[in-house]
Amino acid sequence: MYYNNDTVIYFKGEFVRAAEAGTDLYSQSLHYGYSVFEGIRSYPINGGTKMFKGEEHYDRLRRSAAAMKMPFHYSTEQMVELTYEVLKRNNYTDAYIRPIVLCSPNMALSKGREAWLAIESWEWTNGYMSNSMRIMTSTYRRPNPDAFHVDAKVSGHYVNSILACQEAKDMGFDEALVLDTNGHVAESSGANIFFEKNGELFTAPKGHILPGITRATVIELCAELDIPVHEKYFTPEEMRGAEAGFFCGTAAEVVALASLDNVPFSRPWEVTKSAVIQDAYKKLVRGHSVFPVQAASQNKTSILEP
Ligand code: PMP
């Protein structure tokens, strides 16, 4: 499904066939979830392919590895270059890229002794999420920031995501809304969350969430489009029955929510500011606009111009 006999990945310093690459059964990564990873999208643009915010993703990978005290020494530039080589060798333009930093065999609870970078990729056909998700408030809470570096993308954290997501699916919903340890809305199992009230957007502040690169992009787009956006704590009660809500993440992009705990969002999606953001994001990542926002705010050039 993800690879065939011809698929090439980068692993331990060389380009190898995915089908022939192997990991060690005695690694901390496997036994303790002690690995860090990223999820990046590349889009077909101008006859080639371009990662959306590839540098930001690799900067986060480096920060995640540092938070886990892994001996990891690739620069962001090196990893960007290696990724384009993986895409080229597989002839991918519309792709999902999954870099992961794995640690060497070691059954002790010590720091990683050696860290290896793997860059895997597969063609993206979308359809992974519908644009009308019915979500439920999970009985699981996000990991406690006193116990984990929740702002790092660490494999072990995703056991919590699997529990929350599967609970929601078992109950007949599409996804989970997961609260933080204080009972405020945090995020979904693998995406950040916004809701809309009186044409203004609200999202959880940093602290108990993985601060997504898509979330940051949505906030930038709000500034560009004059849509007020607030980073504040809120409860599921405040969100239930609001005008609109959406998930956002690299893989999901911006996905509309139909209902929360069976209470529908109140406005037709098409007339909401959330739909405006969805459309703007779709255009931005596909190269139909100018980035970054920094340049936009300095020169007053719209990032939404072709
Ligand atoms: N929260 C969680 C738990 C995630 O797994 C992801 C996906 N990486 C996100 C939020 C969204 O992050 P990003 O926009 O950087 O993909």
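Residues numbered from 1 in each chain as written. Predicted model: local features only at pLDDT ≥ 70, side-chain atom pairs only at ≥ 80, totals over all residues. Heavy atoms only, no water.

**Description of the overall build of the chain**
Where we set the bar: What counts as a helix is a DSSP run of H or I of at least four residues, what counts as a strand is a run of E of at least two, and both are numbered from the N terminus. Restricting the calculation to C-alpha atoms gives the radius of gyration, and the globule rule supplies 2.2 Å times the number of residues raised to the power 0.38. For each residue, the accessible area found with a 1.4 Å probe, counting protein chains only, is set against the maximum for its type, and the residue is called buried under 20%, exposed over 50%, and partly exposed in between. Only the protein chains shown count as cover for residues, and all accessible areas are computed by the Shrake-Rupley method using a 1.4 Å probe. By the counting rule applied here, Lys and Arg register as positive and Asp and Glu as negative, while His and the ends of each chain are not counted. Taken as the charge location is NZ of Lys, CZ of Arg, CG of Asp or CD of Glu.
The helix and strand inventory of the chain stands at eight helices and 16 strands. Taking 19 Å as the expected radius of gyration for a compact globule of 306 residues, we find that the chain reaches 20 Å, a close match to that expectation. Summarising its shape, the C-alpha atoms of the chain cover approximately 55 × 45 × 35 Å along the three principal directions. Among the 306 residues that make up the chain, the fraction classed as buried is 52%. Accessible surface for the chain amounts to roughly 14,600 Å². Of this, 50% is attributable to carbon and sulfur atoms. Side chains of the chain carry 30 positive and 37 negative charges; the gap between the two charge centres is 2 Å.

**Details of a nonpolar patch on the surface**
Operational definition: Every patch collects residues that have over 30% relative accessible area and no salt bridge, joining them within 9 Å if they carry like charges and within 5 Å if they are nonpolar side chains (Val, Leu, Ile, Met, Phe, Trp, Tyr). For salt bridges, the criterion is a side-chain nitrogen of Lys or Arg within 4 Å of an Asp or Glu carboxyl oxygen.
A cluster of nonpolar side chains, namely Leu 25, Tyr 26, Leu 30, Tyr 32, Met 107 and Leu 109, defines an oily patch on the protein surface of about 710 Å² accessible area. Relative to the helices and strands, Met 107 resides in the loop between strand 6 (95-103) and strand 7 (115-123). Among the residues examined, Met 107 registers a relative accessible area of 36% and is labelled partly exposed.

**Digging into a negative patch on the surface**
On the surface, a cluster of negative charge is contributed by Glu 55, Glu 56, Asp 59 and Glu 77. By secondary structure assignment, the location of Asp 59 is in helix 2 (residues 54-67). A relative accessible area of 32% places Asp 59 in the partly exposed class.

**Here's the deal with the site of the ligand**
Formally: When we say a residue is near a molecule or strand, we mean one of its heavy atoms is within 4 Å of it. In protein, a polar contact means a hydrogen-donor-capable atom and an acceptor-capable atom, both N or O and within 3.5 Å, with residues adjacent in sequence counting only if both atoms are side-chain atoms; elsewhere, any N or O pair within 3.5 Å suffices. Here the term charged refers only to Asp, Glu, Lys and Arg, the term nonpolar to Ala, Val, Leu, Ile, Met, Phe, Trp, Tyr, Cys and Pro, and the term polar to all other amino acids, Gly among them.
Neighbouring the ligand are 15 residues; Lys 153, Tyr 158, Glu 187, Thr 214 and Thr 250 lie closest to it. Arg 60 places a polar side-chain atom, nitrogen or oxygen, 2.9 Å from an oxygen atom of the ligand. Between Thr 250 and the ligand, the recorded distance is 2.6 Å, taken from a side-chain N or O atom to an oxygen atom. Calculation on the ligand without its partners gives an accessible area of 390 Å², and the protein chains cover 95% of this total. Residue composition of the shell around the ligand, grouped by class: four nonpolar, seven polar and four charged.

**Let's talk about the pairing of strand 8 (residues 133-141)**
Going by this rule: For two strands to be treated as a pair, DSSP must find no fewer than two bridges joining them. With strands facing away from the observer, any crossover in which the path from the first strand over the helix to the second runs clockwise is taken as right-handed.
Strand direction decides the pairing type here: strand 8 and strand 15 (residues 253-260), joined by three bridges, are parallel. Among the inter-strand pairings, Ile 135 is bridged to a residue of strand 15, identified as Leu 260. Crossover handedness for the path strand 8 to helix 4 (residues 158-170) to strand 9 (residues 175-179): right-handed.

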